[in-house]
Amino acid sequence: MAEEENTEGAIRPQFPTGRVKRIVKLDKDINKINSDALLLVSRSTELFLKFLAEKSAEVAIEKKRKIVKLDHIRVAVKRHQPTGDFLLDSLPVPTQLSDKPPAEKTRPAPVTDKPLPPGTRRIDYFFAKSANEAPIIAQ
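For clarity, every value in this text was computed on a predicted model and none was experimentally measured.

**Some thoughts on the overall build of the protein chain**
Check the secondary structure of the protein chain and you find 6 helices and 0 strands. N-terminal to C-terminal, the α/β element order of the protein chain is α-α-α-α-α-α. Across the 139 residues in the protein chain, those meeting the buried criterion constitute 13%. A separation of at least 24 residues holds for 28% of the contacts in the protein chain among residues at least 6 apart in sequence. When the accessible surface of the protein chain is summed, it comes to about 13,000 Å², and 58% of that surface belongs to carbon and sulfur atoms.

What follows is the structure, encoded as structure tokens:
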């Protein structure tokens, strides 16, 4: 009898039961939920998220990244067919920017909205090359 109480206490859900209950009740077909069913839903959600996090981390490590991104989750979902069947449609669409290499950043044009006080110059003046300036050759 004492062993049953110890094992029952060990299976405590990580998610708040009240919040899980509210999420389950969002389904119009469900009016009430048993505490055992609530425990199973919460525990199965934990196990699923753990599985998804582990698979996504494996993909990130394969791509030599330290941070798991949405693209890593998408690849992990695609690799596991049962998960991909229901979850792939729910993931946001991939961004086109992540596939392309980053473009060179262009230097913005100097801001000339305000007139400069007499005798002052903008900082851009010091870094701009003039057309008649000879290239510097290191010897």
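**Some points on the packing of aromatic side chains**
According to the stated counting rule, one finds 1 aromatic pair in the structure shown. Arranged with centres 5.8 Å apart and planes meeting at 45°, the rings of Phe 48 and Phe 86 form a pair that is tilted. Taken together, the positions of Phe 48 in helix H3 (residues 35–62) and Phe 86 in helix H5 (residues 81–87) put the pair 38 residues apart, joining distant regions of the chain. Judged by its relative accessible area of 26%, Phe 48 falls in the partly exposed class.

**Quick word on helix H4 (residues 70–79)**
Within the span of H4, buried status applies to His 72, Arg 74, Ala 76 and Val 77. In this structure, the buried residues of H4 make contact with H3 and H5.

**Quick word on the environment of Thr 83**
Inspection of the secondary structure puts Thr 83 in helix H5. Residue Thr 83 is classed as buried on the basis of its relative accessible area of 5%. Put simply, Thr 83 and Phe 48 are 35 residues apart on the chain and 9.4 Å apart in space, counted from C-alpha to C-alpha. For Thr 83, the contacting residues outside a window of four places in its chain are Phe 48, Phe 51, Val 77 and Leu 88.

**A word on the pattern of salt bridges**
Using the criterion set out here, one finds 4 salt bridges in the structure. In this structure, Glu 46 and Arg 43 form a salt bridge, with 3.0 Å as the shortest nitrogen-oxygen distance. A residue pair is termed a helical-turn pair when its members lie 3 or 4 positions apart in one helix, as Glu 46 and Arg 43 do in helix H3 at 3 residues. Since its relative accessible area comes to 11%, Glu 46 is described here as buried. Here Arg 43 falls in the partly exposed class, since its relative accessible area comes to 37%. The partner of Glu 58 in a salt bridge is Lys 55, and the shortest N-O contact between them spans 3.9 Å. One end of the pair is Glu 58 and the other is Lys 55, both in helix H3 and 3 residues apart, which spans about a single turn. Among the residues examined, Lys 55 registers a relative accessible area of 32% and is labelled partly exposed.

**Things to note about the environment of Ser 56**
Examined against the element boundaries, Ser 56 turns out to sit in helix H3. Put simply, Ser 56 and Arg 74 are 18 residues apart on the chain and 8.1 Å apart in space, counted from C-alpha to C-alpha.

**Comments concerning the confidence of the model for the protein chain**
In the predicted model, the protein chain carries a mean pLDDT of 78, and 65% of its residues have values of at least 70. Model confidence for the protein chain, summarised as mean pLDDT per element, is weakest for helix H1 (residues 2–10) at 54 and strongest for H3 at 93.

Cut-offs applied
- Residues numbered from 1 in each chain as written.
- Predicted model: local features only at pLDDT ≥ 70, side-chain atom pairs only at ≥ 80, totals over all residues.
- Heavy atoms only, no water.
- Helix = DSSP H or I, 4+ residues; strand = E, 2+ residues; numbered from the N terminus.
- Buried < 20%, exposed > 50% of the residue type's maximum accessible area, 1.4 Å probe, protein only.
- Contact = heavy atoms within 4.5 Å.
- Areas by Shrake-Rupley, 256 points an atom, 1.4 Å probe, with all protein chains shown as cover.
- Phe/Tyr/Trp six-rings, centres within 6.5 Å; stacked < 30°, edge-to-face > 60°.
- Salt bridge = Lys/Arg side-chain N within 4 Å of Asp/Glu carboxyl O.
- pLDDT = per-residue confidence, 0-100.

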